[in-house]
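Summary of structural features
Each chain, written out:
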Amino acid sequence: MRNSRNSRWSLWGIAAICTVSLLITGCGKKEEQQAQPSAPAAPATTQAVAPSAPPAPVVAPVVRAFQCMPEQAALALAAPSLDAFYGKAIALAKRVVPEGIPVEEAIAQYSQIMAAQLGVPSASTPVDVMKAGGIDANAPVAVFVELDTMCQALGDLAAQVRAAASAGEDSAGSSAPPAPIKPPQPGMAILFTASDPAKADAFVTKFIAAASEVPAEIKTEQDGDITLTFVKADGPAYFVSGSTFVFGNSRALLKAVAARMKTPADVRYGSDACPINDPAEIAMLLRMDKLLSVVPALSTTAAVLDSGVAEAAQTQMKAMNDLLKSYAGADPMVVTWNVRQDGIDLLARIDTETHTALPAMLGDAAPLMLSALCPVALDLFVDMRLTPEAKAQLERTWKNSLSVSVQDDPRAKQTLSLLRLALALTGEELALGVTGQRDGLPLLLALIEQDDVEKTKSVLAEIGIASKSLETYNEVDLFELPIPVRPAIRYGFIGNTLAFSNDHAALKGAIDRKVATQEQTYLASLQPPLDATTPRYMAAVLHGSLFANVLAPMALRDNQEANPEASATLAVVGAKLRDVRLLQERRGSWLEQRLSIQLN
């Protein structure tokens, strides 16, 4: 082959395109029977007719694809239709990218290169290249990824580094380089349906042949009733079952997929408990325990490669312990992604009944009440619950993330004591809003629920915070923090909520809204609105105005000559973006995390 390195990268580049293409891309009423004339009575000897069996449940094609997920797979991703999703993704991309960038032209150019390398007719999109290769773009495509191979490779890499270091110590003055180390990579298998099996067979055969550094003979291996086709033992392979093709870089994973085709996995996605919200959505099943298992391997390898990070890696692993335990279990997290022409919706769901350590770490969800004190015109809004369980988790994380030497440092001990005190005084909710900017500085409104207002006032007095009010507004005493900043930061207690802000109008507005006890809240003012009564752990909303009205002026504050381009870019982003929403909610036993990006 003329350029083996290019061929090898082309192979995995095309595999990436197949995967990325996944990421960017009725029942009629039965006629009533006509009335029949009355039939004569049946003879007494006639046997009763047994009731017909209930119809078998209808399984969505994308769910059948997920049922091929092997036990060792850490991740499964499936798209119900590449064709439809690709069209929606392109429409979204045209709205997102800056003006003047020829999206379709760039894709067409790369697609033509891809088609030429795979020996199919020229095409203008990656999906058209797949169609030309005999792939059915209207059928589901699934990708399965396992990390066991990569973890093993990371262990081998660490062993090789240790061996090389030991050899260097044993032979003083030796400068022989260590043996070449193969970069670790995950195992991957891609499942698709062929519209033309003969074309698809030729297409995939060329694909795996491109992985060989030199022209090589195509080989086969029989495994039960499937035939694996490959060029070399450690290279890509594929097998065919009817019109279904499965290919990847791990023959062990391919065999596991073949076994699942005979004995399908139990998949909750598509069930009543975890429904399909949109027939066009892309879905992922994430075995969080397996995904997180790579973290210890990475930490160990990093410590071997660089002794300076060994202690840091060890302390980070301590901080990860609670997270690793919380996601233990075979029931995967379900992540769905839907692309609209005016935005993207991402939803992650995990059942707390099958991951019982999660509630113990998070505590109970509840409606977020502090949003009622926030003005409607905000550029950024963050509201979260701090349950007793969450506070304990934060304290464990801080402690475990610090090395022993740091924990013994007097200043670190003092800092940890202050953090513990702050958590002890804080209630179960806090909120932060950006109300605008003044002279290139952001204006903030912070709201912190207090467990004991009088105790908080006493602590503030002990640390030297002024206790003499500047004014009384609507029966709320307002104070000023002794910090030399402009605008000055004022604070007051609105009921059991400590509120402080450098936007004095926003602070007084929060007092007005508390006194008025109005039903209209910030969450209800959004378009579309959010239900303020939904139990949540967190809600964050970033408006496009943050880029245009706050960040763009801030970019010009320090250096007006160097940053006009950055300021202009931020203004363009602000004009295109309506808002970004991040929500963490409880719906029944399911913990849901939602990310929604909405465009103007």
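See the structure shown above.
All values derive from a computational prediction rather than experimental measurement. (Residues numbered from 1 in each chain as written. Predicted model: local features only at pLDDT ≥ 70, side-chain atom pairs only at ≥ 80, totals over all residues. Heavy atoms only, no water.)

Comments concerning the overall build of the chain
Helix and strand counts for the chain come out as 20 helices and 20 strands. Within the chain, buried positions represent 42% of all 600 residues. Accessible surface computed for the chain: about 31600 Å², of which carbon and sulfur atoms make up 57%. (Helix = DSSP H or I, 4+ residues; strand = E, 2+ residues; numbered from the N terminus. Buried < 20%, exposed > 50% of the residue type's maximum accessible area, 1.4 Å probe, protein only. Areas by Shrake-Rupley, 256 points an atom, 1.4 Å probe, with all protein chains shown as cover.)

What about the pattern of salt bridges?
Following the criterion strictly, the structure yields 21 salt bridges and no others. For D345, the salt bridge identified is with R340, shortest N-O distance 2.8 Å. R587 is the partner of E592 in a salt bridge, and the nearest nitrogen-oxygen pair spans 3.1 Å. With a relative accessible area of 38%, R587 lands in the partly exposed category. In the salt-bridge network here, residues are joined through shared partners; they are R536, E585, R587, E592 and R594. (Salt bridge = Lys/Arg side-chain N within 4 Å of Asp/Glu carboxyl O.)

Describing the nonpolar core
F192, V204 and M333 are the most contacted members of the largest nonpolar core, which has 61 residues in total. In this structure F192 touches I135, P140, V141, A200, V204, S243, T244, F245 and F247, once residues within four positions along its chain are discounted. Residues L228, F230, V246 and L285 belong to the second largest nonpolar core, which totals 30 residues. (Core = buried A, V, L, I, M, F, W, Y, C linked by side-chain atoms within 4.5 Å. Contact = heavy atoms within 4.5 Å.)

Examining the environment of F493
Relative to the elements of secondary structure, F493 occurs in strand β16 (residues 490-494). Judged by its relative accessible area of 11%, F493 is buried. Here the alpha-carbon distance between F493 and F479, two residues 14 residues apart in the chain, equals 9.6 Å. Apart from the residues lying within four places of it in its own chain, the contact partners of F493 are Q450, V453, T456, K457, L460, V476, D477 and L498.

A few points about the packing of helix α3 (residues 82-96) against helix α4 (residues 103-118)
One way to put it is that α3 packs onto α4 with a least axis distance of 10 Å and a crossing angle of 130°. Relative to α4, α3 is oriented oblique. Two secondary-structure elements touch here, α3 through Y86, I90, A93 and K94 and α4 through V103, E104 and I107. Considering only residue class, the contact of α3 with α4 consists of five nonpolar, no polar and two charged. (Axes fitted to C-alpha atoms, helices over the stretch in contact; angles between N-to-C directions. Parallel < 35°, antiparallel > 145°, perpendicular 65-115°, else oblique. Nonpolar A, V, L, I, M, F, W, Y, C, P; charged D, E, K, R; others polar.)

Topic: the pairing of strand β18 (residues 536-543)
Counting buried residues in β18 gives seven out of eight residues, a clear majority hidden from the surface. Pairing of strand β11 (residues 380-385) with β18, which is carried by five bridges, proceeds in the antiparallel orientation. From the neighbouring strand, M384 faces β18, where its bridge partner is M538. Bridging between β18 and strand β19 (residues 577-587) involves seven bridges; their strand directions are antiparallel. Bridging from a neighbouring strand, A540 pairs with L582 of β19. (Pairing = 2+ DSSP bridges.)

Let's talk about the pairing of β19
Of the pairings in the sheet, the one linking β19 to strand β20 (residues 590-599) comprises 10 bridges and is antiparallel in character. Paired with L577 across the strands is L599, a residue of β20. The turn joining β19 and β20, which pair antiparallel and follow one another in sequence, is formed by two residues; a positive phi near 65° is taken by G588.

Describing unusual backbone geometry
The step from R486 to P487 runs through a cis peptide bond, and the omega angle for that step is 5°. For P487, the position within the fold is in the loop between β15 (476-480) and β16. Cis geometry is found at the peptide bond from Q527 to P528, where omega equals -5°. Phi at N474 is positive, roughly 50°, even though this residue is not glycine. On the secondary structure map, N474 appears in the loop between β14 (471-473) and β15. At E475, a residue that is not glycine, the phi angle is positive and equals roughly 70°. Here E475 lies in the loop between β14 and β15.

Let's talk about the environment of A328
For A328, the position within the fold is in the loop between α11 (310-326) and β9 (333-340). On the basis of relative accessible area, A328 is assigned to the partly exposed category, the value being 41%. Ignoring sequence-local partners within four residues, the contact set of A328 consists of D289, T354 and H355.

Considering the packing of aromatic side chains
If you walk through the whole model with that rule in mind, you get six aromatic pairs. Ring centres of F479 and Y491 lie 5.2 Å apart, and the angle between their planes is 25°; on these two criteria the pair is classed as stacked. Here F479, found in strand β15, pairs with Y491, found in strand β16; they are 12 residues apart in sequence, far enough to count as distant. Its relative accessible area of 5% is what places Y491 among the buried residues. Three or more aromatic residues joined by ring pairs form one cluster here, namely F192, Y238, F245 and F247. One cation-aromatic arrangement involves R251 over F230; the distance from NZ or CZ to the ring centre is 4.0 Å. (Phe/Tyr/Trp six-rings, centres within 6.5 Å; stacked < 30°, edge-to-face > 60°. Lys NZ or Arg CZ within 6 Å of the ring centre and 35° of its normal.)

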